[in-house]
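Residue-level structure breakdown
The chain contents come next:
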Amino acid sequence: QVQLVETGGGLVQTGGSLSLSCAPSGRTLRGYLMGWFRQAPGKEREFIASIWWNSGLTRYADSVKGRFTISRDDVKNTCYLQLNSLKPEDTAVYYCAAGPGGTYYSPLSYNSWGQGTQVTVSS
């Protein structure tokens, strides 16, 4: 079990940028599949991006491809999500997750979750 904490959420204007961080409490993230998900009020949890820590291989949802970037810093033991060209429809609670691997876009592949951080994009 890995305890995760997301930070960096806030209020930004349309077209703006935001950087989210995901840090563990207790152990290294090396060897894990990392993922970012989001959930807006009244909507289902949505896959955003994933990265295999060791290889750096990434995957993105079509809705954010070209705008968001997932990365990890092995020295800082932190996973990041860079959000650019933000739109009001990006407004949601963003969650970081970690798991042993598998189907990267499925929440069932992740067994550790952060508490979430709110991202609000105004027009």
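Preceding this paragraph is the structure being described.
Since the model is a prediction, treat every value here as computed from it, not as a measurement. (Residues numbered from 1 in each chain as written. Predicted model: local features only at pLDDT ≥ 70, side-chain atom pairs only at ≥ 80, totals over all residues. Heavy atoms only, no water.)

In this section: the sheet that holds strand E8 (residues 78-83). If you trace the four strands from one edge of the open sheet to the other, you get E1-E3-E8-E7, paired in antiparallel fashion. Each of the sheet's edge strands pairs with one partner strand only, and the pair in question is strand E1 (3-7) and strand E7 (68-73). Each strand of the sheet is rotated relative to its neighbour by a mean of 20°, with strand direction disregarded. As defined by bridge partners, E1 adjoins strand E3 (residues 18-25) across five bridges and the pair is classed as antiparallel. Directly across from Leu4, in E3, lies its bridge partner Pro24. (Pairing = 2+ DSSP bridges. Helix = DSSP H or I, 4+ residues; strand = E, 2+ residues; numbered from the N terminus. Axes fitted to C-alpha atoms, helices over the stretch in contact; angles between N-to-C directions.)

The next thing to look at is the nonpolar core. Generally speaking, a soluble globular protein has its nonpolar side chains buried in company with each other. Membership of the largest hydrophobic core comes to 34 residues, with the highest contact counts inside it found for Met34, Trp36, Leu81 and Tyr94. Among the elements of the structure, E3, strand E4 (33-39), strand E5 (46-52), E7, E8, strand E9 (92-99) and strand E11 (117-122) are those that each provide at least two residues to this core. Sort the elements by how many residues they give to this core and E9 lands first, with five residues. For Tyr94, the contacting residues outside a window of four places in its chain are Glu6, Leu20, Trp36, Phe37, Arg38, Phe68, Leu81, Leu83, Gly116, Thr117 and Val119. (Core = buried A, V, L, I, M, F, W, Y, C linked by side-chain atoms within 4.5 Å. Buried < 20%, exposed > 50% of the residue type's maximum accessible area, 1.4 Å probe, protein only. Contact = heavy atoms within 4.5 Å.)

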